[in-house]
Amino acid sequence: ERHRLLVKVAGDLEPAQQFFLMQPHVAAVRVDGGELEIDWEGGTAELPDLLARAVAQGLRIAEFRTVAANLEQIFLTATARDDQPDAGGAAGRGD
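To start, this report covers the structure provided alongside it. (Residues numbered from 1 in each chain as written. Predicted model: local features only at pLDDT ≥ 70, side-chain atom pairs only at ≥ 80, totals over all residues. Heavy atoms only, no water.)

## Some words on the overall build of the protein
Argument step 1. When its secondary structure is counted, the protein shows three helices and four strands.
Argument step 2. Across the 95 residues that make up the protein, the buried fraction comes to 28%.
Argument step 3. Long-range contacts, defined as pairs at least 24 residues apart, comprise 59% of the intrachain contacts of the protein with a sequence gap of at least 6. (Helix = DSSP H or I, 4+ residues; strand = E, 2+ residues; numbered from the N terminus. Buried < 20%, exposed > 50% of the residue type's maximum accessible area, 1.4 Å probe, protein only. Contact = heavy atoms within 4.5 Å.)

## So, the nonpolar core
Argument step 1. Ranked by internal contacts, the top residues of the largest apolar core, which has 16 residues, are Phe20, Leu36 and Ile38.
Argument step 2. Counting residues per element, the ones that place at least two in this core are strand S1 (3-9), helix H1 (13-21), strand S2 (26-32), strand S3 (35-40) and helix H2 (47-56).
Argument step 3. Looking at which element gives the most residues to this core, the answer is H1, with four residues.
Argument step 4. Discounting chain neighbours no more than four positions away, the residues touching Ile38 are His3, Arg4, Leu5, Val7, Phe20, Val26, Ala28 and Val29. (Core = buried A, V, L, I, M, F, W, Y, C linked by side-chain atoms within 4.5 Å.)

## Observations concerning the environment of Pro48
Argument step 1. Considering the arrangement of structural elements, one finds Pro48 in helix H2.
Argument step 2. In this structure Pro48 comes out as exposed when scored by relative accessible area, which is 53%.

## A closer look at the side chain of Asp39
Argument step 1. As for its position among the elements, Asp39 is in strand S3.
Argument step 2. A distance of 3.1 Å separates the side chain of Asp39 from the side chain of Arg30, its partner in a polar contact.
Argument step 3. With residues near it in sequence (within four places) discarded, Asp39 still touches Arg2, His3, Arg4, His25, Val26, Ala27, Ala28 and Arg30. (Polar contact = N/O pair within 3.5 Å; in protein donor to acceptor, adjacent residues only side chain to side chain.)

## Comments concerning the sheet that holds S3
Pairing between sheet strands relies on hydrogen bonds along the backbone, with the strands arranged either parallel or antiparallel.
Argument step 1. Ordered in space as S2-S3-S1-S4, the four strands form an open sheet in which the pairing is antiparallel. Every interior strand has two partners, whereas the edge strands, S2 and strand S4 (61-67), have only one. Strand-to-strand, the axes of this sheet are offset by a mean angle of 20°, without reference to chain direction.
Argument step 2. In this sheet, S3 lies alongside S1 in antiparallel orientation, the contact comprising six bridges. (Pairing = 2+ DSSP bridges. Axes fitted to C-alpha atoms, helices over the stretch in contact; angles between N-to-C directions.)

## Quick word on the environment of Leu36
Argument step 1. Relative to the helices and strands, Leu36 is located in strand S3.
Argument step 2. Note: C-alpha distance between Leu36 and Phe64 (28 residues apart in sequence) is 9.6 Å.

## Section: the packing of aromatic side chains
Argument step 1. Enumeration over the complete set of coordinates arrives at one aromatic pair.
Argument step 2. Between Phe19 and Phe20 the ring centres are 5.1 Å apart and the planes differ by 75°, which places this aromatic pair in the edge-to-face class.
Argument step 3. A relative accessible area of 11% means that Phe19 is categorised as buried.
Argument step 4. Phe20 gets classed as buried once you look at its relative accessible area, which sits at 0%. (Phe/Tyr/Trp six-rings, centres within 6.5 Å; stacked < 30°, edge-to-face > 60°.)

## Some thoughts on the pattern of salt bridges
Argument step 1. Enumeration over the complete set of coordinates arrives at five salt bridges.
Argument step 2. Glu63 is the salt-bridge partner of Lys8, the closest N and O atoms lying 3.6 Å from each other. One end of the pair, Lys8, is in strand S1; the other, Glu63, is in strand S4, and 55 residues separate them in sequence.
Argument step 3. Given a relative accessible area of 34%, Lys8 falls into the partly exposed group.
Argument step 4. The partly exposed category is assigned to Glu63, whose relative accessible area is 26%.
Argument step 5. For the salt bridge of Asp39 with Arg30, the shortest nitrogen-to-oxygen distance reads 3.1 Å.
Argument step 6. A relative accessible area of 32% means that Arg30 is categorised as partly exposed. (Salt bridge = Lys/Arg side-chain N within 4 Å of Asp/Glu carboxyl O.)

Now the structure itself:
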């Protein structure tokens, strides 16, 4: 299961971005304005450990939260899974 995390860091984002890119279960890290947007493929039970490692590394985390997927993300996820044609084709769905 994939989650999206938003992380705000006090100070320079570059060290935080590099830190998160090296962590297990992190698929991608993007800078969006003054925060990091992280694609997390781990479970939610592992998030406190991720936060603890970031703080232990010296990152000054001002905000750390999961966010619900927006419609664009849901569409992209759905279409990525639907990249193979089904056996019935369009005619089999009654469109």
